[in-house]
Amino acid sequence: IAASGFVSGIILARYGNLPVSWFISFLVLGMLLTILHLITHFIASPSKLLLFVGTLLLGGADTLFQLDESRPFHLAAVLNKIDMNGVVVDGIVSAVPDNRERYTILPVTVNKITTFDEIDHPVRSGKLYVKVYPSYGEGYRNLSYGDRIQMEDVQINFPRGASNPGSFDMKRFLKNQHYYGLVSIRNQNQLSVLESRIGNPLIFLAETIKHSILDII
């Protein structure tokens, strides 16, 4: 019940267009209802509805916090105050790369951005949508989940919104997945792997099993 409530709250906050300012209200109410559920567990029959609504609000609060672009170390806030040309980006490949026919997509959680004037800008939340093209070299399909990478002399661009009413809105689509900038890697000098296997061991295990099955097939 708690898990389903928390996930429902995430979905509600992410796709329900709720104002980020509701974060505190969701957090306080969620905590109160969850505590009330725990109290009733000991003095009366526990209320499953209280637990579900409480965790729903907590899930919504967590998501609204992540979407709050006004926070100083949020990627969107950092990008809005820097020159995005010729920057150095330190980050981690935070999901399994999507290898497509013409390029590989890397979801990169950013640790810091260094601008051309050598000023470091720490980042605590937000991702870049990185496309690595074959011109990068043979290794463009060998980048992996958990790689800590450094991208040098790259340009970060903002995603574009829908050009016509009713058309696909790339900006909103990416924002819902916490992507706030686009980067294209076209040569080997722009990207290097600093460390490997930084991440969830279960994902590493799943990837190992997948590749073993593909090798057998």
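Our structure's up above, just so we're on the same page.
Small disclaimer: the values here were computed from a predicted structure and weren't measured. (Residues numbered from 1 in each chain as written. Predicted model: local features only at pLDDT ≥ 70, side-chain atom pairs only at ≥ 80, totals over all residues. Heavy atoms only, no water.)

Participant: Account for the pattern of salt bridges, with residues named and values stated.
Facilitator: Here the structure, examined in full by the defined rule, presents 4 salt bridges. Residue Arg-100 is joined to Asp-98 by a salt bridge in which the shortest nitrogen-to-oxygen separation is 2.9 Å. The residue Glu-195 makes a salt bridge to Arg-148 at a minimum N-O spacing of 3.0 Å. With Glu-195 in strand 8 (residues 191-195) and Arg-148 in strand 6 (residues 148-154), this pair connects stretches of sequence that are 47 residues apart. Residue Arg-148 is classed as partly exposed on the basis of its relative accessible area, which comes to 23%. One continuous salt-bridge network, built from bridges that share partners, spans Asp-90, Arg-148 and Glu-195. (Salt bridge = Lys/Arg side-chain N within 4 Å of Asp/Glu carboxyl O. Helix = DSSP H or I, 4+ residues; strand = E, 2+ residues; numbered from the N terminus. Buried < 20%, exposed > 50% of the residue type's maximum accessible area, 1.4 Å probe, protein only.)

Participant: Tell me about the side chain of Asp-90, and please be specific about residues and values.
Facilitator: Within the secondary structure, Asp-90 is located in strand 1 (residues 87-93). A residue is classified by how much of its surface remains accessible, and Asp-90, at 5% relative accessible area, is buried.

Participant: Let's hear about the nonpolar core: which residues, and what values?
Facilitator: Ranked by internal contacts, the top residues of the largest apolar core, which has 28 residues, are Ile-113 and Met-151. Of all the secondary structure elements, the ones that give two or more residues to this core are helix 4 (75-79), strand 1, strand 3 (104-114), strand 5 (127-132), strand 6 and strand 7 (179-185). Excluding residues within four positions of it along the chain, Met-151 makes contact with Val-87, Val-88, Val-89, Val-108, Leu-128, Val-130, Val-183, Ile-185, Gln-190 and Leu-191. Grouped together as the second largest cluster of nonpolar side chains are 6 residues, Tyr-103, Tyr-133, Leu-174 and Tyr-179 included. (Core = buried A, V, L, I, M, F, W, Y, C linked by side-chain atoms within 4.5 Å. Contact = heavy atoms within 4.5 Å.)

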